[in-house]
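# Results of the structural survey
Listed below are the residues making up each chain.
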Amino acid sequence: MLTELTAGRFTLRGASLGGMYTSLHVPELDACFDVGVAVRSAAAVERLFLSHAHVDHVGALATLLGMRGLSGVKAPLKIHLPEGVEGTLAESLRVLSGLHRWPLTFEAIPMRPGDEVRLRGKRFVRAFKTYHPVPSLGYAVFERVSKLKPEHADLPGARIGELRRSGADIFDVVERPLLAYATDTLPEVLHHEPWLGDVSTLILECTFLDERKTIHAARAGCHIHLDELLSHHAMLRNDRVVLMHFSQIYKPGEVRAILDQRLPSTLRDRVIPFLPATDDQWWN
Ligand SMILES: [Zn+2]
Ligand SMILES: [Zn+2]
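What comes next concerns the included structure. (Residues numbered from 1 in each chain as written. Chains lettered and ligands numbered in written order. Predicted model: local features only at pLDDT ≥ 70, side-chain atom pairs only at ≥ 80, totals over all residues. Heavy atoms only, no water.)

When we look at burial in helix α4 (residues 157–165), the residues that qualify are Ile160, Gly161 and Leu163. Projected down its long axis, α4 shows its buried positions confined to an angular sector of 165°, all on one face. Along α4, exposed side chains directed more than 90 degrees from the buried face belong to Ala158 and Arg165. Against β10 (137–148) and β11 (171–182) lie the buried residues of α4. The positive-phi residue at the C-terminal boundary of α4 is Gly167, with phi of around 80°. (Buried < 20%, exposed > 50% of the residue type's maximum accessible area, 1.4 Å probe, protein only. Helix = DSSP H or I, 4+ residues; strand = E, 2+ residues; numbered from the N terminus. Arc of directions from axis to C-beta. Contact = heavy atoms within 4.5 Å.)

All of the protein donors around the zinc ion (ligand 1) are Asp56 (OD), His57 (NE2), Asp184 (OD) and His245 (NE2); their distances to the metal are 2.1 to 2.3 Å. Every donor residue of the zinc ion (ligand 1) comes from the same chain, spaced as D-H-x126-D-x60-H. The zinc ion (ligand 2) is placed at 3.7 Å from the zinc ion (ligand 1), the two being bridged by Asp184. Like Asp56, the residue His57 is buried in the burial classification. (Donors = N, O, S within 2.8 Å, 3.2 Å for Na, K, Ca; no water.)

Here seven strands make up an open sheet; going across it, the order is β8-β9-β10-β11-β12-β13-β14 and the pairing mixed. What marks the edges here is a single partner per strand, and that holds for β8 (116–118) and β14 (271–273). Across the sheet, the mean angle from the axis of one strand to that of its neighbour is 30°, orientation sign disregarded. Bridge analysis of β11 against strand β12 (residues 201–205) gives four bridges, and the strand direction is parallel. Residue pairing for β12: Ala182 is matched across the bridge by Leu204. (Pairing = 2+ DSSP bridges. Axes fitted to C-alpha atoms, helices over the stretch in contact; angles between N-to-C directions.)

These figures come from the coordinates and say nothing about function on their own.
Below, the structure is given as structure tokens:
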């Protein structure tokens, strides 16, 4: 049932089918993005980043928390979510805890666009605005790295070492965007957040792919149609673009064939569709 692939430095493990379920466990970040299905390997993660509270993205949260309890994890799951959703989420889990007769504990951390959360090491996550009819967010993972200031670029290594030891201010701190997750959203997110084109691994929804759904209909549901993505393709300078959240009207083999046919080769080489390997795994 689960799909697992490697995108740059990250493993993406989970499932994504538009309107049905989307969950991506990223072990290297000790985090899961959305929980439309409960991925067992994600039961002990430190953090869950919720894009929005449509049930295909949040519906399996109680199952994930139940798995967590069974796995003996004591620390409550930290759930980052769009501000305003936390009250209803807490209420729904309170009711489900009553049914389950076991506390489904968690820590909600409401976020607004621009809010940041520190991960381990030099990494952090920054939320950004997405375009959907309910409160929604995208999330981007950055790494802060020290870079020699341009005026010192020609210094020999030994001299740099000396200056570093003396505490001289010879480095700039730069943010390197490693990964971003943007679903469910209109393609306007690419205009409003043009830096998304420079993220090493961009995970982006592309719910509809051909004339079986019009752009108008895709936009009415606040989703991306491949026709619109194609008109933005020059903005996608990423090393890898993971497309996901495809509608169930397309079988995995069809998705691959449509992408092969419609994407320019310079982009197709960098696009990884997040899909089961074969069509018979599709409905599972
Ligand atoms: Zn969705
Ligand atoms: Zn949605």
